[in-house]
Amino acid sequence: MTEVPVQPLDALGSPVRRTILDTLANLPALASADAPNRSTGLTAAELAERLNLHVTTVRHHLDRLVHADLVQTHSERTGVGRPRHRFTAHPGHLTEVKAPSAYKLLAEVLADALSSDAPNASEAGRRWALRNTHQLIGEHASTDPARTPGRWLSKIGTLVDLLDTWGYEPTVTTTDSGRTADLCLHRCPVRELAADNPSVACGVHRGVIEGTLEALGESDATVRLAPFVRPDLCVASLTTANSFSDRSPSERPTR
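All values derive from a computational prediction rather than experimental measurement. Residue indices follow the written sequence of each chain, beginning from 1 at its first position. In keeping with the predicted nature of the model, local features appear solely for residues at pLDDT of at least 70, side-chain atom pairs appear and are counted solely at 80 or more, and the whole-chain, interface and lining totals rest on all residues. Water and hydrogen atoms play no part in the side-chain values, which are based on all heavy atoms of the structure.

Colleague: Could you give an account of the overall build of the protein chain, naming the residues involved and the relevant values?
Modeller: A run of H or I in DSSP counts as a helix once it spans at least four residues, and a run of E counts as a strand once it spans at least two, with each numbered from the N terminus. Looking only at helices and strands, the protein chain features 9 helices and 6 strands. Exposed residues in this analysis have more than 50% of their type's maximum accessible area, buried residues have under 20%, and partly exposed residues fall in between, with area computed by a 1.4 Å probe over protein chains only. Looking at the 255 residues of the protein chain, the share that counts as buried comes to 42%. Here the protein chain displays about 14300 Å² of accessible surface, and carbon together with sulfur accounts for 51% of that area. The Shrake-Rupley method, run with a 1.4 Å probe, gives the accessible areas here. Residue values count only the displayed protein chains as cover.

Here it is as structure tokens:
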């Protein structure tokens, strides 16, 4: 049976694997004739001792990192007996990982939740977005409720840009004469956490979406989040509560 490759973002869903990779990536390099910039790396036992973990646990996580092509291994023979396997961060592959901004977002929201009276992850995400959204979208973004499909979709576009920055690879379709926007999230940067703890990860994501819309003047919008519609797809459905027929005088067409 062919083994399915592990995606880098999925591999980094574990805090232990992120710590292991960070440890290996920050090892001092030892020059040699054939690999002048390569570190000799650490064995699983050495990593286990540094991180105060059981060596079996470390080997499991190293295997995931190797299959994700984030860590490489080489053998070292020091005498009689089986060679030792040493592990190093795979040079050049860390730049392909786009998850840190999403993990930073998640960490900030959860830190806020622990230091506040937010009743759940969704509310913590909403409060975080209300405090931080204008730093991300600019102070001149419209905060008036949208009264036309175009203005509603411009706000959806702002949200799409933020989700893309955080690594979700969103696409948009609309229904109900433009009043509902379905955001197809083709990648979840914290997929493993979402699979293991959906009430936390998915709750934060829903709250951040709600808070961003609220900061843009759409506090009455309805947000529905359907996680893992397919293994590689989640869908957020956003419906405005505004009636597009109630246009302000400045929005009415002139003859």
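Colleague: With reference to specific residues and values, describe the environment of Ala-129.
Modeller: Looking at the element boundaries, Ala-129 is found in helix α6 (residues 121-137). In this structure Ala-129 comes out as buried when scored by relative accessible area, which is 0%. For the pair Ala-129 and Glu-214, spaced 85 residues apart in the sequence, the C-alpha separation amounts to 8.7 Å. With sequence-adjacent residues up to four places away left out, Ala-129 is seen in contact with Val-208, Gly-211 and Thr-212. Note on contacts: a residue pair is in contact if any heavy atoms of the two residues lie within 4.5 Å.

Colleague: If you had to explain helix α9 (residues 198-215) to someone new, which residues and values would you point to?
Modeller: Residue pairs three or four apart in sequence face the same way in an α-helix, which turns once every 3.6 residues. The end-to-end C-alpha distance of α9 is 25 Å, a good match for the 26 Å that 18 residues give at a rise of 1.5 Å each. The complete set of buried residues in α9 reads Ala-201, Cys-202, Gly-203, Val-204, His-205, Gly-207, Val-208, Ile-209, Gly-211, Thr-212, Leu-213 and Ala-215. One or two residues past the end of α9 sits Gly-217, with phi positive at roughly 95°. Residue count minus one, scaled by 1.5 Å, sets the expected span of a helix.

Colleague: Can you lay out the pattern of salt bridges for me, pointing to particular residues and giving the numbers?
Modeller: By definition here, a salt bridge exists when the distance from a side-chain nitrogen of Lys or Arg to a carboxyl oxygen of Asp or Glu is within 4 Å. In this structure the tally under the stated criterion is 9 salt bridges. For the salt bridge of Arg-126 with Glu-123, the shortest nitrogen-to-oxygen distance reads 2.9 Å. Within this pair, Arg-126 and its partner Glu-123 are both found in helix α6, separated by 3 residues, close to a single helical turn. What emerges from the salt-bridge pattern is a single network uniting Glu-123, Arg-126, Arg-127 and Glu-214.

Colleague: Describe in detail empty space enclosed by the protein, supporting the description with residues and values.
Modeller: Space inside and on the surface of the protein is sampled on a 1 Å grid over the protein atoms alone, with a cavity defined as a set of points where a 1.4 Å probe fits but cannot get out and a pocket as an open set with protein on both sides within 12 Å along at least 5 of 7 lines; lining residues have an atom within 4 Å of a point. Grid points are joined across faces, edges and corners, and a volume is the space filled by probe spheres set on the points. As enumerated under the stated definition, the model contains 2 cavities of 30 Å³ or more in all. Each pocket or cavity is described by its volume, and for the largest cavity that value is around 70 Å³. Along its surface, the largest cavity is lined by Tyr-168, Leu-185, Cys-188, Ala-194, Cys-202, His-205, Leu-225, Pro-227, Phe-228 and Cys-234. If you list the elements that add at least two residues to the lining of the largest cavity, you get α9 and β5 (222-230).

Colleague: So what's going on with the sheet that holds strand β6 (residues 233-239)? Residues and values would help.
Modeller: Should DSSP find at least two bridges between two strands, the strands are regarded as paired. Here we have 4 strands laid out as an open sheet, ordered β3-β4-β6-β5, and antiparallel in their pairing. Each edge of the sheet is formed by a strand with only one pairing partner; in this case those strands are β3 (170-175) and β5. The average undirected angle you get between the axes of adjacent strands in this sheet is 20°. Bridge analysis of strand β4 (residues 180-185) against β6 gives 6 bridges, and the strand direction is antiparallel. Residue pairing for β6: Leu-183 is matched across the bridge by Ala-236. Across the sheet, helix α7 (residues 149-165) touches β3, β4 and β6, and the angle it forms with β4 is around 15°. Whenever a helix is involved, its axis is fitted only over the stretch in contact; in every case the axis is a line through C-alpha atoms, and angles between N-to-C directions fall within 0 to 180 degrees. Along the sheet, α9 makes contact with β5 and β6, crossing β5 at roughly 145°.

Colleague: Please set out the nonpolar core residue by residue, giving values where relevant.
Modeller: Remark: nonpolar core denotes a set of buried residues (Ala, Val, Leu, Ile, Met, Phe, Trp, Tyr, Cys) joined through side-chain atoms within 4.5 Å. Core analysis: the biggest nonpolar cluster contains 37 residues, and Ile-156, Trp-166, Leu-183, Leu-213 and Leu-238 have the highest contact counts within it. Looking at this core, the elements that each hand over two or more residues are α5 (100-114), α6, α7, β4, α9 and β6. In contact with Leu-213, not counting residues within four places along its chain, are Ile-156, Leu-159, Glu-218, Ser-219, Ala-221, Val-223 and Leu-238. Counting 16 residues, the second-largest nonpolar core is a separate cluster that includes Ile-20, Leu-21, Leu-42 and Leu-62.

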